[in-house]
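Examining the three-dimensional arrangement
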Amino acid sequence: MKIAVLQAEATVLDLEANLRVVDDAARRARQDGADLLLTPELFPCGYSPELVRQRLTAEDLRLIADRAAAIARRHGIALVYSAPREGTGGRWHIAATLLDDAGRAVLSYDKVHLFGEEERRAFTPAEDAPQVVEHGGLRVSLLICYDVEFPESVRAASDQGAELLLVPTALGAGFAAVPNILLPARALESQVVIAYANHCGTESGLEFGGESVVAGADGSLLAHAGTGPDLVHAVVDSALVAAARERVPYLRDRRPDLYGRWGGRSAR
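A brief report on the enclosed structure follows.

A few points about the pairing of strand β3 (residues 78-86)
Here β3 lies mainly inside the structure; seven of its nine residues are buried. Relative to β3, strand β2 (residues 36-38) is paired through three bridges, and the arrangement is parallel. Paired with L37 across the strands is L79, a residue of β3. The antiparallel pairing of β3 with strand β4 (residues 92-99) creates a hairpin that spans five residues between the two strands, and G89 there sits at a positive phi of about 65 degrees.

Right, here's the structure in full:
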């Protein structure tokens, strides 16, 4: 599967402008032969958690979903987009959805680890584990931003057989160690390919770091964006994931029964 990763600056609450950026990226990605486009966290509405929570309506959320599906259908490309999701009891979650190239939702995920007080005031953390689906010849899963910085989240997806982990993110400037050090390590230790799509520029006063990446299951960097707008590509091959797992069999050699006897929070 050839994947494209969008890195761009959103305009907070300008749904039309942001969706035009996604539409253009989908067109260019498909022209370049990509099968799937990954976009950043909350990109259709821009990243400003409290403002988004205060201003967006249920109708806006439906518009985002409908337009994302139309973009996937129009360009014949699978699409991962992230937007708020209205849950029960007035709770809102930060969600991500994988659409196939006909615009049908095939996988969804709600963010478990919220980052910072603003996200926690605006949204409710989810509790469900990441799920895995077969898509494009690969076993695919989703996480969102801060989730991928916890080894337990990535391992949960890997334990279910994920080969490709798609991660919309909104990583601020000053955290370059995340894309450059942490993500390759996460990919290596759980032996999955991790694609990570970040914002760039400034939104509601927050400066973003860019540096979207695709990290291979062997810890190598398959693609790495700069700090400005970009559309990077990588080819993900299940055979290469299998080869990485065979070369150093971390997953096979784990001893979870022993870790459980050790106790403590890391005993999973």
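The discussion continues.
Some details on the sheet that holds strand β13 (residues 221-224)
The strand order across the open sheet built from six strands is β6-β7-β8-β9-β12-β13, with neighbouring strands paired in mixed fashion. Here the strands that pair on one side only, and so sit at the sheet edges, are β6 (132-135) and β13. Here the strands of the sheet are splayed against their neighbours by 20 degrees on average, with no regard to which way each runs. Alignment of strand β8 (residues 164-168) against strand β9 (residues 193-197), held across five bridges, turns out to be parallel. By the bridge assignment, V167 is partnered in β9 with Y196.

Some thoughts on the nonpolar core
Core analysis: the largest hydrophobic core is formed by 85 residues, its most contacted members being I3, L36, L37, L98, L164, L166 and I194. Not counting residues within four places of it along the chain, the set of residues in contact with L166 comprises L36, L38, V80, V140, S141, L142, L143 and A195.

So, the packing of helix α1 (residues 15-31) against helix α3 (residues 58-75)
Running from amino to carboxyl end, α1 crosses α3 at an angle of 20 degrees, the nearest separation of the two axes being 10 Å. One way to sum up the angle between α1 and α3 is to call them roughly parallel. Crossing hand, α1 versus α3: right-handed. For the pair α1 and α3, the contacting residues are L15, E16, L19, V22, D23, A26, R27 and R30 in the first and D60, L63, I64, R67, I71, R74 and H75 in the second. Considering only residue class, the contact of α1 with α3 consists of seven nonpolar, one polar and seven charged.

About the criteria used
- Residues numbered from 1 in each chain as written.
- Predicted model: local features only at pLDDT ≥ 70, side-chain atom pairs only at ≥ 80, totals over all residues.
- Heavy atoms only, no water.
- Buried < 20%, exposed > 50% of the residue type's maximum accessible area, 1.4 Å probe, protein only.
- Helix = DSSP H or I, 4+ residues; strand = E, 2+ residues; numbered from the N terminus.
- Pairing = 2+ DSSP bridges.
- Axes fitted to C-alpha atoms, helices over the stretch in contact; angles between N-to-C directions.
- Core = buried A, V, L, I, M, F, W, Y, C linked by side-chain atoms within 4.5 Å.
- Contact = heavy atoms within 4.5 Å.
- Parallel < 35°, antiparallel > 145°, perpendicular 65-115°, else oblique.
- Left-handed = near helix turned anticlockwise from the far one by under 90°.
- Nonpolar A, V, L, I, M, F, W, Y, C, P; charged D, E, K, R; others polar.

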